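For reference, the chains in residue letters:
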Amino acid sequence: MKSIAVNANTLDKRVKPSVVVKTVLAILFGLIWVFPVVWLIISSFKPERELFSYPLTFLPKDFTIDNYVQAFERFDFIRYTFNTTFITIMATIITLLMSSMCGFALAKYRYKWLNFFFMCLLATTMLPTEIMMSPSFTVILKLGLYNSLWGCILPTVGTMTGVFLMRQFFVSIPNELLEAARIDGSNEGGIFMRIMLPLCRSQLAILAIFSFRWRWNDYIWPLLALGNPEKYTLQLALRTLSGAEAVDWSLLLSTSVLTMIPVLIVFIIFNKQIMNSNVSSGVKG
Amino acid sequence: MTKVRRNSLDKNQKWALLFCAPNILFFIVFFLGPAIIGIYYSFTNYNGLFRMDFIGLQNYKDLFHDNEFILVFLNTVKYVIVSVPIGYFAAILLALLLVDDNIKCNSLTRVLVYWPTLLSTIMVGITWKWIFGESFGVVNYLLGELNLTPVKWFSEATSAFWTTVVASTWAGCGVNMLIFIGGLKQIPVDLYEAARIDGANRVQSFLHITLPALKPVSFMVIMLSIINSFKVFAMVQTLTNGGPGTSTTYVIQYIYKTGFDKMKVGYASAASMIMFIILMVISFIQTRINARSEKEM
Amino acid sequence: MKKILPFVLMFFAVFSVFANGSSEESDVVELELLISDDTLEGSPMAKAIARFNEEYKDKGIQVKMNEIAYADQKTQVLNRAKAQDLPDLIKTSDDNSFSDFVLPLDGLVDDSNFARSGIRQGELKVTPVNVTAVGLIINKTAFDQAGVSYPTTEEERWTWDEFLAALDQVVANSDCDYGLVIDHSQQRINTILYQFGYQGISQDEENVATISTAKKGLDFIKSLYDRGYSPVSAGLGTDNAQSMFKTGKVAAHIAGNWVYSDYTENITDFEWIPVLMPYQDAKATCLGGNYLFAFQGTGHEEEAVEFINWFYKPENYAQYCKDGNYLPGLTGIEVDYDVEGMEIFNMEINATSNAPEHDADFARANSGVTVGNCIRDAHDQLIAGEITSDEAVAYIQKVYKDTFPFLSVE
């Protein structure tokens, strides 16, 4: 870690002129990047007539939480949040398990069919869910997953990105470790559970964060698989408003902010892990 | 000896199969199955309900003569060609700017740039629709205050196109930036030292050291960006709804519209298959080039 | 990982309590009513349902609203049809796409007072939950400020030229930046087309569609945008015309009576008033509205019919129309509106040419097959400058030909 810091420091002296300019630029970009969301949040506390009247003011003239009250009257947020959380947690646990197992196999065994399967998995990234909605729905229906939260969980748990991330990690683990464990008499399952899984904790954390993001923000599968409002998720609520013929902005703004809060909390808690995890090690070709 | 070895190999193969089993099952049920059904649909005039007659290649023939589909496809290609390089350079420049851990505000800025990547595509669409609102959006308001002409962000084809590019760059840049920061930190300092002694200026060392060192990472980023850009959907649907006219309608939205609003599931499936083949070709090229660059390393 | 585990367990503990709490067994039949876009109209359906539930709380029927995006309504209903999990009831403007699964109401619901026919494919299938008419709403404050008068009686009705002249004056002498916004809606666009002589399905000859009569109106609409009367963004729907009018920067809005609730509640900075629409070759308004109907095979058909019959009881129905500022879909219903000016819309309905309803009749007779929003799609490409009005007409003609092969399309 120390060498990297020195490294970056020296690199800076070579590549960029002055710390001041860089600092100013960094602040500027930070502001540009954060402004849209900040504006959205501020706007959500303005009454509707203020949203659509000039001149606009940065802060609400007439601060109100009416929009939020309305949103809570309109949607069963607690239930939606529970549903979304349930989907996210279950899907993430299964994804972690499946991806690490499959990634391990792809990295540490050499069979022709494994290579073939790897190519098959690659193909899955090519076909977006959205364009297979009709056939996918048929499958969900046939499996009896319709109108069940599992209908939005199971079709999403296999992810090429996850498998790939784990495979890349296991490739980097020396085979000697594996051989040594085999000589000690462990079977493959034991090696995986006791030796390999603990090693890839940080990769799993990265994948968990990815998975959280995907599932929390998913709306295609919930739209397909769920017909009962008691099973709806937060993104469906957002979609109900943003896909309306005449958009009710005051309600949409507050609902947007509400669906964003859990993501924000998770981000704040895991901020260090997210930002420090060397994502590139997983994605690097 | 050989026999024992063979035995353990077989055992390992069983384990390998076991490890992969959930994914294999998943692949068959949720990918292969729907894909085969989709291929079958593409040869029919299925309307999503009762009518389903086999019509052979008719859908594909029609697609190649469908001006709207061709237009939408070209829109998508244009979007990919423009948004991928912009996203790439934005990410690399931000990475160069923010790589230095010794500047205090860098870590905060990194967080701020990364944060939008956690938002859902619908949220991204909503956010920028709000910012770019033509009559009451904050951007046009500020332009007005500066006595500049407000921009018709959504009702004029070119600017609507750019709003989709801006929104996707904003939302996607953070991940790539982190990847590049990771890559930058792995470049040995000696290289820069040596270049400096040789009298190279900053641009030269960027071009001859930084960029080549980032090549494998860049490659990955660009390929993923291309595929993701082809697949853009919910964000643009929320932001411009494909308008004005069809100028920001990209392939996936076209497929969605054709399949569900117009209830031409068969036709939409055929369009999906064409899309699939195109993405397969791109990814094939990717893995080929990637394999070569791995060998070089 | 270990740190997270307790949280996960806690979550499931709470979740299971939560999930169990909701699944009480009882004899109450719970009807599901699928709906979109209720809030901006003042949640009249939500209020009606609340009244129904209160009245029926001991009679074993309760209704629950399921609100989804209008854009996804078709997808969801068709998927649910495949899953045999259709909602019991639906309120929608789409009386066309789902006719195969709709419960016939002949003999179950009295349709003798229906203002718009509920007969589809020879059977009573839908009920006109409300009727809407296209009309013109102006920024009264701006008109007064500019000293421009506006028509509230037939004699005063503007021609389009007079109307545009009036708008010129208003924009020049008030705070308004724009003269007019038109909703991004086929119904509103059609209204103008009819005013410019569009005929649609011919009333003289059988099975002839005279689409070419739309060209004059399309050219005119295009010129409205070209001459700056209206921002293209509103015409394309990327900016919501309704929201724009609410800013007070627009002199007039071609809208419908359903905006009343929203405007009453949210416009505080200026006064507004509905006035008569201009005409050119004809006076015209398009009727629209939503339909309430039940689906087959839900197992709750009887209760669904019960709800429909309750809903159309005069006192309940009048209250619903009052809450939503709707025009009643039944004749002989007196609605005591909280707002003024609703009679303008009735005047429009009385004055309109036959062409719009004739086209609507054609659509009803052919329910199950629809040209969708092809006129709006063509309009969008026209005003975005992608195609000419001739190409727009050709596009609409093609859609008509493809959809109704038996029509001869001119």
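Here the residue index of a chain counts from 1 through its sequence in written order. Chains carry letters from A onward and ligands carry numbers from 1 onward, assigned in written order. Owing to the predicted nature of the model, reporting of local features is limited to residues with pLDDT of at least 70; listing and counting of side-chain atom pairs is limited to 80 or more, with chain, interface and lining totals taken over all residues. Hydrogens and water molecules were not included; the side-chain quantities draw on all heavy atoms of the structure.

Moving on to the overall build of chain A. Along its length, chain A carries 16 helices and 0 strands. Residue burial in chain A is summarised as follows: out of 285 residues, 62% are buried. Restricting the contact set of chain A to residue pairs at least 6 apart, pairs at least 24 apart contribute 70%. Using a 1.4 Å probe, accessible areas were evaluated by the Shrake-Rupley method; residue-level cover was limited to the displayed protein chains. Entry remark: accessible area of chain A is about 11400 Å², with carbon and sulfur atoms responsible for 67%. Numbering of helices and strands starts at the N terminus; helices are DSSP runs of H or I of at least 4 residues and strands are runs of E of at least 2. We call a residue buried when its accessible area falls under 20% of the maximum for its residue type, exposed when it is over 50%, and partly exposed in between, using a 1.4 Å probe and counting protein chains only. Only heavy atoms enter the contact rule, under which two residues are in contact if any of them lie within 4.5 Å.

What follows deals with the pattern of salt bridges. Residues and elements named next belong to chain C. The term salt bridge refers to a side-chain nitrogen of Lys or Arg lying within 4 Å of a carboxyl oxygen of Asp or Glu. A full pass over the atoms with the stated rule returns 24 salt bridges over all chains. One salt bridge connects Asp-323 with Arg-51, and the closest N-O pair in it is separated by 3.4 Å. Placement of the pair is Asp-323 in helix H12 (residues 314-324) and Arg-51 in helix H2 (residues 44-55), with a sequence separation of 272 residues. With relative accessibility at 16%, the residue Asp-323 sits in the buried group. The exposure class of Arg-51 is partly exposed, given its relative accessible area of 27%. Between Asp-281 and Lys-216 there is a salt bridge, and its shortest N-O distance comes to 2.8 Å. Pair noted here: Asp-281 is in the loop between strand E11 (272-275) and strand E12 (287-294) and Lys-216 is in helix H7 (residues 215-226), with a separation of 65 residues, a long-range link. Judged by its relative accessible area of 44%, Lys-216 is partly exposed.

Right, let's talk about the interface of chain B and chain A for a bit. Chain B puts 100 residues into the contact, and the matching count from chain A is 105 residues. The term buried area denotes the loss of accessible surface (1.4 Å probe radius) that occurs when two parts are joined, taken as the sum for both partners. Together chain B and chain A conceal approximately 9600 Å² of surface at their shared face, both sides included; 75% is due to carbon and sulfur atoms. Three residues, B:Phe19, B:Trp115 and B:Trp130, lead the burial of chain B against chain A; their summed loss comes to 9% of the area buried on that side. At the boundary of chain B and chain A, one finds 0 salt bridges. In the analysis that follows, any N or O atom pair within 3.5 Å is treated as a polar contact, provided that within protein one partner can donate a hydrogen and the other can accept it, and provided that, for residues neighboring in sequence, both atoms belong to side chains. Linking chain B to chain A there are 12 residue pairs in polar contact (both at pLDDT 80 or more). Among the elements that make up the side of chain B that touches chain A, the one with the highest residue count is helix H1 (residues 2-42) of chain B (22 residues).

Another aspect to go through is H12(C). Residues and elements named next belong to chain C. Most of H12 is tucked away, with 8 of its 11 residues classed as buried. Where H12 is concerned, the buried positions are Asn-316, Tyr-317, Ala-318, Tyr-320, Cys-321, Lys-322, Asp-323 and Gly-324. At its buried positions, H12 is contacted by H2, strand E3 (89-92), strand E6 (127-139), helix H10 (260-266) and helix H11 (301-311). Two residues or fewer past H12, Asn-325 is found with a positive phi of approximately 55°.

The residue A:Asn147 is not glycine, and still its phi comes out positive at about 65°. Within the secondary structure, A:Asn147 sits in the loop between helix H7 (133-142) and helix H8 (150-153). Of the residues examined, A:Asn147 reaches a relative accessible area of 16% and is grouped as buried. Although it is not a glycine, B:Asn147 adopts a positive phi angle of roughly 60°. Here B:Asn147 is to be found in the loop between helix H6 (138-145) and helix H7 (157-185). Accessibility expressed as a relative area gives 71% for B:Asn147, which makes it exposed.

Any residue with an atom within 4 Å of a point lines the site, the site being either a cavity, points on a 1 Å grid over the protein atoms alone where a 1.4 Å probe fits but cannot get out, or a pocket, an open set with protein on both sides within 12 Å along at least 5 of 7 lines. Grid points are joined across faces, edges and corners, and a volume is the space filled by probe spheres set on the points. For the coordinates displayed, the defined rule picks out 8 cavities of 30 Å³ or more. Considered as a void within the structure, the largest cavity measures approximately 120 Å³ in volume. A:Ile131, A:Met133, A:Ser134, B:Ser269 and B:Ser272 are, among the 17 residues lining the largest cavity, the residues nearest its centre. Top element by residues in the lining of the largest cavity is helix H13 (residues 265-296) of chain B. It accounts for 5 residues. Class assignment for the residues of the lining of the largest cavity results in 11 nonpolar, 5 polar and 1 charged. Put simply, the second largest cavity is a space of about 80 Å³. In this structure, the second largest cavity is lined by A:Ser134, B:Asn47, B:Gly48, B:Gly259, B:Phe260, B:Met263, B:Val265, C:Thr75, C:Leu78, C:Asn79 and C:Lys82. Contributions of two or more residues to the lining of the second largest cavity are made by helix H12 (251-261) of chain B together with helix H3 (70-82) of chain C. When residues in the lining of the second largest cavity are grouped by element, the largest group, 4 residues, is from H3(C). Gly is put with the polar residues, along with every residue not named as nonpolar or charged; the nonpolar set is Ala, Val, Leu, Ile, Met, Phe, Trp, Tyr, Cys and Pro, and the charged set is Asp, Glu, Lys and Arg.

What follows covers the packing of helix H2 (residues 19-43) of chain A against helix H3 (residues 67-98) of chain B. Here an angle of 0 to 180 degrees is reported between the N-to-C directions of two axes, which are lines fitted to C-alpha atoms, with helices fitted over the stretch in contact. Where H2(A) meets H3(B), the axes come as close as 10 Å, and the angle between the chain directions of the two elements is 130°. In terms of orientation, H2(A) and H3(B) fall into the oblique class. Here the hand of the crossing between H2(A) and H3(B) comes out left-handed. Seen from H2(A), the contacting residues are A:Lys22, A:Leu25, A:Ala26, A:Phe29 and A:Trp33; seen from H3(B), they are B:Leu94, B:Leu96, B:Leu97 and B:Leu98. When the residues that make up the contact of H2(A) with H3(B) are grouped by side-chain class, the tally is 8 nonpolar, no polar and 1 charged. Any angle that falls under 35 degrees is termed roughly parallel, while one over 145 is termed roughly antiparallel, one within 65 to 115 roughly perpendicular, and all others oblique. Less than a right angle of anticlockwise turn of the near helix away from the far helix marks a crossing as left-handed, whereas a clockwise turn marks it as right-handed.

Here we take up the interface of chain C and chain B. By convention, interface size is frequently given as the accessible area that disappears when the constituent parts associate. Contacts between the two partners involve 21 residues from chain C and, on the opposite side, 22 residues from chain B. Between chain C and chain B, a total of about 1800 Å² is buried, with carbon and sulfur atoms accounting for 58% of that surface. At the surface where chain C touches chain B, the tally comes to 0 salt bridges. Going through the elements one at a time, H3, helix H8 (232-236), helix H9 (241-246) and helix H15 (374-383) of chain C are the ones with two or more residues in the side of chain C that touches chain B. Partitioned by chemical class, the residues of the side of chain C that touches chain B number 8 nonpolar, 6 polar and 7 charged.

To continue, consider the packing of aromatic side chains. Here is the rule: rings of Phe, Tyr and Trp (six-membered ring for Trp) pair when centre to centre is within 6.5 Å. Planes less than 30 degrees apart are stacked, more than 60 are edge-to-face, and the remainder are tilted. Tallied over the entire structure, the rule returns 74 aromatic pairs over all chains. When the centroid spacing of 6.1 Å and the interplanar angle of 50° are considered together, the rings of A:Phe75 and A:Tyr80 count as tilted. Side by side, A:Phe75 and A:Tyr80 carry an identical accessibility label, which is buried. A ring pair is formed by C:Tyr312 and C:Tyr317, whose centres lie 5.1 Å apart and whose planes are at 45°; its orientation type is tilted. We classify C:Tyr312 as buried; its relative accessible area is 9%. Residue classification places C:Tyr317 among the buried residues on the basis of a relative accessible area of 0%. Members of the aromatic cluster, connected to one another through ring pairs, are C:Phe52, C:Tyr56, C:Phe114, C:Phe307, C:Trp310, C:Phe311, C:Tyr312, C:Tyr317, C:Tyr320 and C:Tyr326. For a lysine, the NZ atom is tested; for an arginine, the CZ atom; a charge sits over a ring if that atom is within 6 Å of the ring centre and within 35 degrees of the ring normal. When the ring centre of B:Tyr267 is taken as origin, the NZ or CZ atom of B:Lys264, which lies over that ring, is 4.9 Å away.

Moving on, we get to the confidence of the model for chain A. Residues and elements named next belong to chain A. For every residue, the predictor assigns a confidence score, pLDDT, that lies between 0 and 100. Predicted confidence across chain A gives a mean pLDDT of 82, with 89% of residues reaching 70 or more. When pLDDT is averaged over each helix and strand of chain A, the minimum, 42, is found for helix H16 (residues 279-283) and the maximum, 92, for helix H5 (residues 77-108). Ignoring residues within four places in sequence, the model shows residues 1-9, a span with pLDDT below 50, making 7 contacts including any to other chains. In this model residues 280-285 is a low-confidence stretch, pLDDT under 50, and it forms 20 contacts with partners more than four residues away in sequence or in other chains.

Residues and elements named next belong to chain C. Two strands qualify as a pair provided DSSP detects at least 2 bridges between them. Read across the open sheet, the 3 strands follow the order E8-E9-E13; overall the sheet is mixed. Two strands lie at the open edges of the sheet, namely strand E8 (200-201) and strand E13 (408-409), each paired on one side alone. Summarising the sheet, E8 and strand E9 (residues 208-210) pair through 2 bridges and their orientation is antiparallel. The partner of Gly-200 across the bridge, within E9, is Thr-210.

Residues and elements named next belong to chain C. By convention in this document, the label disulfide applies to cysteine sulfur atom pairs within 2.5 Å. Under the criterion given, the structure shown has 0 disulfides over all chains. Free cysteine Cys-286: the closest other cysteine sulfur is in Cys-374, separated by 14 Å. By relative accessible area, Cys-286 is classed as buried at 6%.

What follows is about the packing of helix H5 (residues 121-131) of chain B against H7(B). Residue and element names in this part refer to chain B. Here H5 crosses H7 at 130°, and the two axes come no closer than 10 Å. With respect to each other, H5 and H7 are oriented oblique. Considering how the two elements wind past one another, H5 and H7 form a crossing that is right-handed. Note on element contacts: H7 touches H5 through Val-166, Ala-167, Trp-170 and Ala-171, opposite Val-124, Thr-127 and Trp-128. Looking at the contact of H5 with H7, its residues break down into 6 nonpolar, 1 polar and no charged.

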